[in-house]
Each structure stands twice: as C-alpha cells, then as structure tokens.
Amino acid sequence: MAILISDDFNRADGALGPNWTSAGTGSGMTIVSNQARAQDNFLDNFAYYNSPLLTADYEVEADLSMVHASEYADGSVLGRYLDTNNYYEARMWIFGDEIQLYKRVAGVETSLGVLSFAFSRNTVYNIRLAMVGTSLKVYVDDVLKIDTTDGDLTSAGYAGIWATGHASAYESFDNFLVTGTVAVNVGSLLSMFQ
C-alpha cells in the first residue's frame, strides 16, 4: 500500500500546523515535545488531516502513549471522518483497559467491538484502523484485536485523531500514518499520452 499521509509531529510546540483542523467541544490538539496532545480535559478534542482521501479503503494508524495517574483517559484514530458526528473510531480506553471500535452516525455512537486489553501505563502502542469496503479491523502493535463489518459510512472522508483526558492523564500521539491504494484519474492519465 502507498503512503497517503504521514506526520511525525516533529516541529515546535504549538498548533498542529496548517495541514490539520481541530474540532469538537475541546480546543483540539497541540504539539508538545514533538507529539500531538489534547488541550482540554474531559472534552472531545478532534483533529483531522486537511487532505480529503480519494479512496474509502485505507488504514489510519498512530503511536499512542498515555500518561496515567488514576484519572480517565482515552485516545483514538479516526477513519472516514466527515465531521464530529460521522466517523469510525479505533479507541484505546486506558481507564477501562479496553480496545474499542465505534461508529458515530448522525451523532449517535454505536459500539462495533470491545476487547479487554491490559495496558501498561506510560508505554507506546501502535493502534491501526483498517477499512476495506464494509470490513473494519483494529490492530494493536500489528496484532488483530477486532474484526467486524459495517456499511454505514462509505465515503472516504478524512483521517484523524481524538482524545480526552485529565490534567494528570493525557494521551500523546506520534507517527500518524495513512496508507491505501492510490486513486488514479484515468482520463487525466490518458490525456498525458495524446
């Protein structure tokens, strides 16, 4: 598969940059020490990469670490994101020790899969959401954890990240990556040879 989007967040502390848009009830994400981090506690902090994808069949992943004292915290990668009310989400719920797959359609969140997972705090995990047609798979560190199907969100949309937390429990994202097939406009390609 081809790399469609890649961001390692290796830049100065502050805004995520011009390629990202923040949304949700929180202030979104910011860069702290070369990682993306939620700005607000207990609020929805969304950020999506501004480049719309040309195919709905892609994988979105990121390295996610959680600094956890005893407070609520979770972080997710998002696929087929249209807005804060329509997307698929592969979530690491640190407080509940679960890997979760959710969809949100017209603002209604529905669980598509949950798996118990004993997280080690302050450890980096790679979480990946793979979407091909109606097939949805969640991997943690390249090991398949959830495998299901759903056909409610079919548009490519955007890829992004989401987090919420507390001052003593926050999520840091690194090495954001989207891979997939490269869509080619056949008409444009043929016109190059005429």
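What this report covers is the structure whose coordinates are included nearby.

Cut-off values and rules
Residues numbered from 1 in each chain as written. Predicted model: local features only at pLDDT ≥ 70, side-chain atom pairs only at ≥ 80, totals over all residues. Heavy atoms only, no water. Helix = DSSP H or I, 4+ residues; strand = E, 2+ residues; numbered from the N terminus. Buried < 20%, exposed > 50% of the residue type's maximum accessible area, 1.4 Å probe, protein only. Contact = heavy atoms within 4.5 Å. Areas by Shrake-Rupley, 256 points an atom, 1.4 Å probe, with all protein chains shown as cover. Pairing = 2+ DSSP bridges. Axes fitted to C-alpha atoms, helices over the stretch in contact; angles between N-to-C directions. Phe/Tyr/Trp six-rings, centres within 6.5 Å; stacked < 30°, edge-to-face > 60°. Salt bridge = Lys/Arg side-chain N within 4 Å of Asp/Glu carboxyl O.

Looking at the overall build of the protein
Okay, step 1: Secondary structure summary: the protein contains one helix and 16 strands in total.
Okay, step 2: The proportion of buried residues among the 194 residues of the protein is 47%.
Okay, step 3: Contacts spanning at least 24 positions in sequence make up 61% of the contacts within the protein whose residues lie at least 6 apart.
Okay, step 4: Per element, the accessible surface of the protein, about 8700 Å² overall, is 50% carbon and sulfur.

Considerations on the sheet that holds strand β11 (residues 108-116)
Sheet strands associate in pairs through backbone hydrogen bonding, adopting either a parallel or an antiparallel arrangement.
Okay, step 1: Overall, antiparallel pairing links the seven strands, which are arranged β3-β6-β15-β8-β9-β10-β11 in an open sheet. Because the sheet does not close on itself, it has two edges, and the strands there are β3 (20-23) and β11. The sheet shows a mean angle of 20° between the axes of neighbouring strands, direction not considered.

Brief notes about the packing of aromatic side chains
Okay, step 1: Counting across every chain of the model gives 11 aromatic pairs.
Okay, step 2: Centroid distance Phe-9 to Trp-20: 5.7 Å. Interplanar angle 40°. Geometry classified as tilted. Separated by 11 residues along the polypeptide, Phe-9 in the loop between β1 (2-7) and β2 (14-15) and Trp-20 in strand β3 bring together distant segments of the chain.
Okay, step 3: We classify Phe-9 as buried; its relative accessible area is 0%.

Quick word on the environment of Thr-154
Okay, step 1: Mapped onto the elements, Thr-154 comes out in the loop between β14 (143-149) and β15 (158-164).
Okay, step 2: Residues Thr-154 and Gly-133 lie 21 residues apart in sequence; the distance between their C-alpha atoms is 7.4 Å.
Okay, step 3: Ignoring any residue separated from it by four or fewer positions in sequence, one finds Thr-154 in contact with Ala-56 and Arg-80.

Thoughts on the pairing of strand β9 (residues 86-93)
Okay, step 1: Burial analysis of β9 places seven of its eight residues in the buried class, which makes it a mostly covered element.
Okay, step 2: Of the pairings in the sheet, the one linking strand β8 (residues 74-83) to β9 comprises seven bridges and is antiparallel in character. Among the inter-strand pairings, Gly-79 is bridged to a residue of β9, identified as Tyr-88.
Okay, step 3: The antiparallel pairing of β8 with β9 creates a hairpin that spans two residues between the two strands.
Okay, step 4: Bridge analysis of β9 against strand β10 (residues 98-105) gives seven bridges, and the strand direction is antiparallel. What sits directly across from Trp-93, in β10, is Glu-98.
Okay, step 5: The antiparallel pairing of β9 with β10 creates a hairpin that spans four residues between the two strands, and Asp-97 there sits at a positive phi of about 50°.

Regarding unusual backbone geometry
Okay, step 1: Of note in this structure, Ser-33 is not a glycine but carries a positive phi near 55°.
Okay, step 2: With respect to the helices and strands, Ser-33 occurs in the loop between β4 (29-32) and β5 (35-38).
Okay, step 3: With a phi angle near 50°, Asp-141 is a residue other than glycine that sits in the positive phi range.
Okay, step 4: In this fold, Asp-141 is placed in the loop between β13 (135-140) and β14.

Focus on the pattern of salt bridges
Okay, step 1: Under the counting rule described, the total for this entry stands at 10 salt bridges.
Okay, step 2: The partner of Arg-80 in a salt bridge is Asp-57, and the shortest N-O contact between them spans 3.6 Å. Of this pair, Arg-80 sits in strand β8 while Asp-57 sits in the loop between β6 (45-49) and β7 (58-67), and the two are 23 residues apart along the sequence.
Okay, step 3: For Arg-91, the salt bridge is made with Asp-74, and the minimal N-O distance between the two is 3.9 Å. A residue pair is termed long-range when its members are at least 10 positions apart, and Arg-91 in strand β9 and Asp-74 in strand β8 qualify at 17 residues.
Okay, step 4: Judged by its relative accessible area of 8%, Arg-91 falls in the buried class.
Okay, step 5: Of the residues examined, Asp-74 reaches a relative accessible area of 0% and is grouped as buried.

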